Amino acid sequence: MEKIAFASDHAGYQLKKKLEEYVIAKGYEVEDFGTGSEDSCDYPDYAHPVALAVENGECAFGIAMCGTGNGIQMTLNKHQGIRAALCWEPALATLAKEHNNANFLVLPARFITEDMALKVVDAYLEAKFEGGRHQRRIDKIAVK
Ligand code: RB5
């Protein structure tokens, strides 16, 4: 089964642990790149290492969160090989995979219920990249 890279700051820590349990129960492997508690921390310290793990193929894709999702998503997307999508409802996660082949699902931990977050994760895991014209567009994202 694929290995999922997880990361959060303190604001996303509790949701991250729930989502890790959820995907482990589905049979995925998990690697947690921190943070490891609810003590205040800086999301880039965890976003950069988790991005590298997906870029170098150590993990198949990632799930990350901070309070709004914005800070960790902004940091992840500084990496040329990362397409991190901030999603707060299932349809966004489905399209992030189908159209953007997002390799990071990002969640706004302080603005989403646990139940909705699980639904968003399911939508992301179940969706398939459609390729075709979407691949052509993705090929134009990276800064050369
Ligand atoms: C932490 O207070 C908060 O700023 C952080 O989790 C995130 O929302 C930043 O984008």
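I will try to describe carefully the structure that is included in this document. Computed from a predicted structure; not experimentally measured.

What counts, and where the lines are drawn
- Residues numbered from 1 in each chain as written.
- Predicted model: local features only at pLDDT ≥ 70, side-chain atom pairs only at ≥ 80, totals over all residues.
- Heavy atoms only, no water.
- Pairing = 2+ DSSP bridges.
- Helix = DSSP H or I, 4+ residues; strand = E, 2+ residues; numbered from the N terminus.
- Axes fitted to C-alpha atoms, helices over the stretch in contact; angles between N-to-C directions.
- 1 Å grid on protein atoms, 1.4 Å probe; cavity = no way out; pocket = protein on both sides within 12 Å on 5 of 7 lines; lining within 4 Å.
- Points joined across faces, edges and corners; volume = space filled by probe spheres on them.
- Expected span 1.5 Å × (residues − 1).
- Buried < 20%, exposed > 50% of the residue type's maximum accessible area, 1.4 Å probe, protein only.
- Arc of directions from axis to C-beta.

### Digging into the sheet that holds strand β3 (residues 61-66)
With respect to topology, five strands assemble into an open sheet ordered β2-β1-β3-β5-β4, the strand pairing being parallel. Each having just a single partner strand, β2 (29-32) and β4 (84-86) make up the two edges of the open sheet. Ignoring which end each strand starts from, the neighbouring axes of this sheet average 25° apart. Summarising the sheet, β4 and strand β5 (residues 104-108) pair through three bridges and their orientation is parallel.

### As for the layout of surface pockets
Taken as a whole, the largest pocket spans an internal volume of roughly 190 Å³. Lining the largest pocket are 13 residues, with E2, F61, K97, N101 and Y124 positioned closest to its centre.

### Things to note about helix α1 (residues 13-25)
With 13 residues, α1 extends 19 Å from end C-alpha to end C-alpha; this agrees with the ideal 18 Å at 1.5 Å per step. Looking only at α1, the buried set comprises Y13, L15, K16, L19, E20 and V23. All buried residues of α1 lie within an arc of 150° about the axis, which places them on one face of the element. Seen from the buried face of α1, the exposed residues on the opposite side, beyond 90 degrees, are E21 and A25. Remark: G27 follows α1 within two positions and exhibits a positive phi of approximately 105°.

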